[in-house]
Amino acid sequence: MIDRDEEERQKRFTRRALLLFGGQCGIAGLLAWRMHQLQVVEAAQYQLQARDNRVNVQPIAPIRGEIFDRNGAPLAVNRHNYRVQIIRERSDDIEATFERLQQIIDISPRALERAMRRMQRSRRFVAVPLVDNLSWEEFARINANLPTLPGVEPDVNWTRFYPERESLAHVIGYVAAVNERDLERDTTGDPALRLPDARIGKNGTEKAAEMTLRGQTGRREIEVNAAGREQREISRDNGLPGTSLTLTIDQQLQRYVHARLVGESAAAVVMDVRNGDLLALASTPAYDPNKFVFGISHADWNALRENELDPLRDKATAGLYPPGSTFKMLTAIAAQAEGAMKPGEKIRCVGHTDLGNRRFHCWKRGGHGSLDMQGAIKHSCDIYFYEAAKRIGIDKLAQIAQRFGIGTAPELELPNVKRGVMPTQDWKFANIGERWQQGETLIAGIGQGFILTSPLQLAVMTARLADGRAQISPRLVKQMNGADLPLPSVPALDIDERFIDLARRGMNAVVNETRGTAYRARILPPEFAMAGKTGTAQVRRISKAERESGVRKNEELPWKLRDHALFVAYAPVENPRFAVSVVIEHGGSGSGAAAPVARDILLRAQYGEEPPLEAYPRELRDQIAREREARAGPIGIAEEG
Amino acid sequence: MPSATRFFSGDDEPQGLGGKLLRINWLLVALLTAAAAVGFLMLYSVAGGDLDRWARPQILRFTLGFGVMILVALIDIRVWRSIAVPLYALSLLLLIGVELFGTVGMGAKRWLVLGPLRIQPSELMKLALVMVLALYYQRLSPEKISRPFWIALPLLIILVPAVLVAKQPDLGTALLLIAGGGLMMMLAGVAWWFFALVGTLGISGIVAVFMSRGTNWQLLKDYQFRRIETFLDPSQDPLGSGYHITQSMIAIGSGGVTGKGYLKGTQTHLSFMPEAHTDFIYPSLAEEFGLLGSLGLLGLYMGIVFFAMLTALTIRSTFGRLVAMGVSVTFFFYFAINMAMVMGLAPVVGVPLPLVSFGGTSMLVILFGFGLLLSAKVHSRSRR
């Protein structure tokens, strides 16, 4: 009985044990199925994830393309930046290392504090930059003392350097650290922009030609552990260096032009009439672009921003001024082209003319008497051009002016090229919401009113006048990676050249005939002689009361209210080669302030060096000689070195 | 195969030390040693090719445990039977001791430090529970087994330590105790209606636990809920508590069929796998040896379970075979839960891979348990 019981018990145990084992086999089967699923079915996906885990792709910043002038002089170059980084885990006592380092080189407390902050945020093995831009001597001293400086990691990387400093600041611009807004605007998704040392073009050509200069980002794959520490390099692709640019700028001429303008709030543009090459593009005051590369200090930045002469603005391309009398050639050409006036027709100037109940004045109070077209340009008579503009009408005038580049923005590798304004009836209605007044046509005829032009546009206008056949367009980039860029084909001017020739004869008379408005600024040698046109752009409105009591002279006015001085010129008169525009903000009269600058620039451009005194009119030579002595050497040369 | 017959159906009373040694199931011992050897291999790899870090101490522990196992096997099972109740009582006391003076490690009180010894009483309790339940059913006359009172008593024996362990908190081990104890009751012959009832109650209990979340009578700690959540969807929290599971599954899956090669597991050697020497050693094996390695270890484990069961079936005494099955079931739970956990089939609970994971207490407990199993077989003829 007990045995039967026991037997029954054992049987039940066996049954249940086998059942249990069956269950266990079921679970083991489930585990095996799961293994199969993970290691066979989904293996590829997990292998990818394992690779993602351990492989870190790091961008390699390509070397930025350099920028040269037309003769190969460096304008923006890559230079070694000697710097010191700190790797926390390599030192037991980082404070002691800092102390010893401070005995070797100067470290600003700010830099130290910044490095400390970054170190706290980074992992122990990450190199944190401490000081940049060390001299070679400092760098060598650190390297010599390295054994006593645990945690210090000397490092060399590339940095941008602008050897021309102020003189080309607005053309070249600068690079600076990439900020959030740059990243937002970036459409390339270039990972190199997120590197800690990344720089991006912020202004000038550096900005406008960013994509060309930047190059193609390389990449390297490294194996990292779970903490992100590099274990080894798996693969490396160095990318492609950026394209180097050769500009049309002539570094020597640029230096001269810049130096000639220093002291004024001014801009000047020199253009090759034959092909549109921009030889010089100057704007003063300027700034040192090198200050931006490592981050400009607050004090420097505020000084630049608060300077009322606006050093940050490129006045050559983005400064807009009424062209004033420099516009009169276009009125003259339009008058002929529209058949509104024959060159021989004389208009009598008594100092003012009336339209309805409004009176329009000539700059010459007593009037010029009777003048034909060439004489009107020579003497810059306002009454003549009021009459001409009245007969042409604003829309026809605008059509001709636009062919000379007024109111259109040339395409250039610069970030801020302004269009300016060449008004039409539609333009006024669309932008101001009022109907065009005929009086405004008269004002436009002498380059005042709504018309706004940049010095660049004035140079383009002058080049087209000098050439007379094509719509010469300015260009800034001559070569890429040393290969010449083709000259852009330009549309014809499509204006009877006789009309233009008359305007040119007028410009010649302005400079080279006695009593021309810029006669004092003439160049004597006929093969270098220039033709030009003065312009004085009024900044304020002259009230009737003031006109009656006598218009105040510029010297009596506060600087901000003085007229802008303009001058456009080309040279030589025969077979012109250089076109120049000069705008001096609040400089007074075009003839007094701007014309001599244009003359000096054209002399320099044509002689390629300091011109002989004989090039100047006899009455100026003594004064010029004295000035040269005072400078103890010609402008430009002093800038070198 | 006469030798096989000897292993599985020897009925003779053992004679002397030599006879006892001959009656030991050496095949099972070999399989256990093989599993431990896999552990040595992997601990060497996980340490990055460093023998001294984990592999050498593990070998020493196994050698010690091996000696203990053989020693236990040679001592009459009746001796062990007689210490079942004291051992259970001691384990219970130690568990209470943990509750009162335990060392906190990783957010839970699990260890008691007595001089140089660091004891994990919950491990000891696994063994003690198996033994005391086996004793209970040996003493209980068959007709009483399914009576409610005689069911309630073993339930109490199981639930008291389980609750203490759960309070540490170590939900994994607590559930392991409950499941192991329940299976012992099933093997002892408790009627099926009881298990149906428990099943029903269990499911309602689980529902109640989840419903309690966020109320003021919440039944599980927040971290336990989070573990369950990350188990259900590891990608939800890839850098927090889901990190373990995600990295572990990447390690296993990326091993593919043939693995990345010994000492070449990137997940393991670049420290993406946390706890690769303890609870998460299996993914390292799967990564370096692929499906072949992972199925191989599973096969080895199932072989141990199979031969342990065969041995249990030939043991005459109720105590002996219940202890044998209890040890086998506990062993099965260890590896099944560990594997299910690292493969994302179960929540992350602190259960080591038996004989392979680095760790002293569990190794000793397992080998001691198999020593009992062997002893039960060696002394099988002996009457109760």
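Sequence order as written defines residue numbering, which begins from 1 separately in each chain. As a convention, the first chain written is A and the first ligand written is 1, with the rest following in written order. Only residues with pLDDT of at least 70 are given local features in this predicted model, and only at 80 or more are side-chain atom pairs given and counted; all residues enter the totals for whole chains, interfaces and linings.

Q: Before we move on, could you go through the overall build of chain B and cite the residues and values that matter?
A: Strands here mean DSSP runs of E at least two residues long; helices mean DSSP runs of H or I at least four residues long; both are numbered from the N terminus. Secondary structure summary: chain B contains 16 helices and three strands in total. Buried residues are those with 20 or more other C-beta atoms within 10 Å of their own C-beta, exposed residues have 12 or fewer, and partly exposed residues lie in between; C-beta atoms are placed from the backbone. Across the 384 residues that make up chain B, the buried fraction comes to 49%. Contact definition: two residues whose C-beta atoms, as placed from backbone geometry, lie within 7 Å. Taking all contacts inside chain B whose residues are at least 6 apart in sequence as the whole, residues at least 24 apart take part in 69%.

Q: So what's going on with the overall build of chain A? Which residues, and what values?
A: Counting its regular elements, chain A contains 24 helices and 21 strands. Here the radius of gyration uses the C-alpha set of atoms, whereas the globule reference equals 2.2 Å times the residue count to the power 0.38. In summary, chain A has a C-alpha radius of gyration of 36 Å against a globular reference of 26 Å for 641 residues, an excess of more than 25%. Burial status across chain A gives 43% buried among its 641 residues. For chain A, the share of sequence-separated contacts (at least 6 apart) that also reach a separation of at least 24 residues comes to 74%.

Q: Account for the interface of chain A and chain B, naming residues and giving values.
A: Listed by partner, the interface residues are 32 residues for chain A and 37 residues for chain B. Considering every element that reaches the side of chain A that touches chain B, the biggest residue donor is helix α1 (residues 2-41) of chain A, with 20 residues. Considered class by class, the residues forming the side of chain A that touches chain B number 15 nonpolar, 10 polar and seven charged. Classification convention: Asp, Glu, Lys, Arg as charged; Ala, Val, Leu, Ile, Met, Phe, Trp, Tyr, Cys, Pro as nonpolar; all other residues, Gly among them, as polar.

Q: An account of the nonpolar core is requested, with residue identities and associated values reported.
A: Generally speaking, soluble globular proteins have nonpolar side chains that are buried together. Within the largest apolar cluster, 133 residues are counted, with the highest numbers of intra-cluster contacts made by Ala268, Val269, Val270, Val580, Ala594 and Leu602 of chain A. In terms of residue count, the dominant contributor to this core is helix α23 (residues 590-607) of chain A (nine residues). Mapping this core onto the domain boundaries places at least three of its residues in each of domain 2 (58-247) and domain 3 (251-299 + 313-631) of chain A. In this structure, Ala268 of chain A is in contact with Val257, Leu261, Ala280, Ala282, Pro455, Val580, Ser581, Val582, Val597 and Ile601 of chain A, ignoring residues within four places of it in sequence. Ranked by size, the runner-up nonpolar core spans 125 residues in total, among them Met35 and Tyr46 of chain A together with Tyr137 and Ala166 of chain B. Note on terminology: a nonpolar core is a set of buried residues of type Ala, Val, Leu, Ile, Met, Phe, Trp, Tyr or Cys, with members joined through C-beta atoms within 7 Å. Marked domain ranges trace back to an automatic or database domain assignment.

Q: Residue-level account of the sheet that holds strand β20 (residues 564-571) of chain A, with values.
A: Residues and elements named next belong to chain A. The five strands lie next to each other as β12-β11-β21-β20-β19, forming an open sheet whose pairing is antiparallel. Each edge of the sheet is formed by a strand with only one pairing partner; in this case those strands are β12 (278-284) and β19 (531-537). Looking at each pair of strands side by side, their axes are set apart by 5 degrees on average, direction ignored. Paired strands are those between which DSSP finds at least two bridges. Pairing of strand β11 (residues 266-272) with β12 involves six bridges; the strand directions are antiparallel. Bridge assignment links Val270 to a residue of β12, and that residue is Ala280. Each axis is a line fitted through C-alpha atoms, taken for helices only over the stretch in contact, and angles between the N-to-C directions span 0 to 180 degrees. The strands touched by α23 are β11, β12, β19, β20 and β21 (578-584); relative to β20, the strand with the most contacts, the crossing angle is about 30 degrees.

Q: Outline the sheet that holds strand β1 (residues 55-60) of chain A, supporting the account with residue identities and numerical values.
A: Residue and element names in this part refer to chain A. If you walk across this open sheet you meet the three strands as β1-β8-β9, and the pairing is antiparallel. The outermost strands of the open sheet, each flanked by one partner alone, are β1 and β9 (230-237). Strand-to-strand, the axes of this sheet are offset by a mean angle of 25 degrees, without reference to chain direction. The pairing of β1 with strand β8 (residues 218-224) spans six bridges and is classified as antiparallel. Along β8, the bridge assignment pairs Val57 with Glu221.

Q: I'd like a rundown of the domain arrangement of chain A, residues and numbers included.
A: Taken domain by domain, chain A holds domain 1 (2-41), domain 2 (58-247) and domain 3 (251-299 + 313-631). Averaged C-alpha coordinates put domain 1 of chain A and domain 2 of chain A at centres separated by 66 Å.

Q: Could you give an account of helix α16 (residues 382-392) of chain A, with specific residues and numbers?
A: Where burial is concerned, most of α16 of chain A is hidden: nine out of the 11 residues are buried. All of the buried residues along α16 of chain A are Asp382, Ile383, Tyr384, Phe385, Tyr386, Glu387, Ala388, Ala389 and Ile392 of chain A.

Q: Please provide a residue-by-residue account of the environment of Leu155 of chain B, values included.
A: With respect to the helices, strands and loops of the structure, Leu155 of chain B is situated in helix α8 (residues 148-166). Separated by 103 residues in sequence, Leu155 of chain B and Asp52 of chain B place their C-alpha atoms 44 Å apart.

Q: Provide a residue-level description of the packing of helix α7 (residues 121-139) of chain B against helix α15 (residues 318-342) of chain B, including the pertinent values.
A: All names here are of chain B. Between α7 and α15, the shortest axis-to-axis distance is 8 Å and the interhelical angle comes to 150 degrees. By the angle between their axes, α7 is roughly antiparallel relative to α15. You can see that α7 and α15 cross each other, and the crossing is right-handed. Between α7 and α15, the residues in contact are Lys126, Val130, Met131, Leu133, Ala134, Leu135, Tyr137 and Gln138 and Thr318, Phe319, Leu322, Val323, Gly326, Val327 and Thr330, respectively. Among the residues forming the contact of α7 with α15, the class breakdown is 10 nonpolar, four polar and one charged. If an angle is under 35 degrees, it is roughly parallel; if it is over 145, roughly antiparallel; if it lies from 65 to 115, roughly perpendicular; otherwise it is oblique. Here is the rule for handedness: rotate from the far helix to the near one, and if that takes an anticlockwise turn smaller than a right angle the crossing is left-handed, while a clockwise turn gives right-handed.

Q: Which residues make up the pairing of strand β14 (residues 352-355) of chain A, and what values go with them?
A: Residue and element names in this part refer to chain A. In this sheet, strand β15 (residues 358-361) lies alongside β14 in antiparallel orientation, the contact comprising four bridges. Across the sheet, residue His352 finds its bridge partner in β15, namely His361. Between β14 and the antiparallel strand that follows it, β15, lie two residues; Gly356 among them carries a positive phi value of about 60 degrees.

Q: Hey, could you go over unusual backbone geometry for me, with residue numbers and the actual values?
A: All names here are of chain A. For the bond running from Thr284 to Pro285, omega is -10 degrees, close enough to zero to count as cis. Within the fold, Pro285 resides in the loop between β12 and α11 (290-293). For the peptide bond that leads from Ala571 to Pro572, omega is -10 degrees, which places it in the cis range. As for its placement among the helices and strands, Pro572 is situated in the loop between β20 and β21. In this structure, Asp494 takes a positive phi of about 60 degrees despite not being glycine. Relative to the elements of secondary structure, Asp494 occurs in the loop between β18 (483-484) and α21 (497-512). Judged by local crowding, Asp494 falls into the exposed class, with 10 C-beta atoms found within 10 Å.

Q: Give a detailed account of the confidence of the model for chain B, specifying residues and quantitative values.
A: Residue and element names in this part refer to chain B. A residue's pLDDT is simply how confident the predictor is in it, with values from 0 to 100. Considering every residue of chain B, the mean pLDDT works out to 86; 88% of them sit at 70 or more. In this model, residues 1-11 is a region of pLDDT below 50 whose contacts with residues beyond four sequence positions or in other chains number seven contacts. Note on the complex model: pTM 0.72, ipTM 0.90.

Q: I'd like to hear about the environment of Val351 of chain B, residue by residue, with values.
A: Residues and elements named next belong to chain B. With respect to the helices and strands, the residue Val351 is situated in the loop between α15 and α16 (360-378). Residue classification places Val351 among the buried residues on the basis of 25 C-beta atoms within 10 Å. On a C-alpha basis, the gap between Val351 and Leu176 in space is 9.4 Å, while along the polypeptide they are 175 residues apart. The residues touching Val351, leaving out its near neighbours within four places in the chain, are Gly172, Asp279, Tyr334, Ile337, Asn338 and Met341.

Q: I'd like a rundown of the confidence of the model for chain A, residues and numbers included.
A: Model confidence for chain A is summarised by a mean pLDDT of 91, while 98% of its residues fall at 70 or above. Long-range and interchain partners of residues 636-641 of chain A, a stretch whose pLDDT sits below 50, account for nine contacts in this model, where long-range means more than four residues apart.

Q: Can you break down α21 of chain A residue by residue, with the values?
A: Residues and elements named next belong to chain A. With 16 residues, α21 extends 22 Å from end C-alpha to end C-alpha; this agrees with the ideal 22 Å at 1.5 Å per step. Every buried residue belonging to α21 is among Ile500, Leu502, Ala503, Arg504, Gly506, Met507, Asn508, Ala509, Val510, Val511 and Asn512, and all of these are buried. The secondary structure elements touched by the buried residues of α21 are α14 (328-337), α15 (373-379), α20 (455-467) and β19. In this analysis, the expected span of each helix is defined as 1.5 Å times one less than the number of residues it contains.

Q: Describe the packing of helix α4 (residues 51-74) of chain B against α16 of chain B, with residues and values.
A: Residues and elements named next belong to chain B. Taken N-terminus to C-terminus, the directions of α4 and α16 make an angle of 25 degrees; their axes are 7 Å apart at the nearest point. Compared by their axis directions, α4 and α16 come out roughly parallel. Here α4 and α16 pass one another in a crossing that is right-handed. Of the residues in α16, those touching α4 at Arg61, Phe62, Gly65, Phe66, Val68, Met69, Ile70, Leu71, Val72 and Ala73 are Gly360, Met363, Leu364, Leu367, Phe368, Phe370, Gly371, Leu372, Leu374, Ser375 and Val378. Among the residues making up the contact of α4 with α16, the classes are represented as 16 nonpolar, four polar and one charged.

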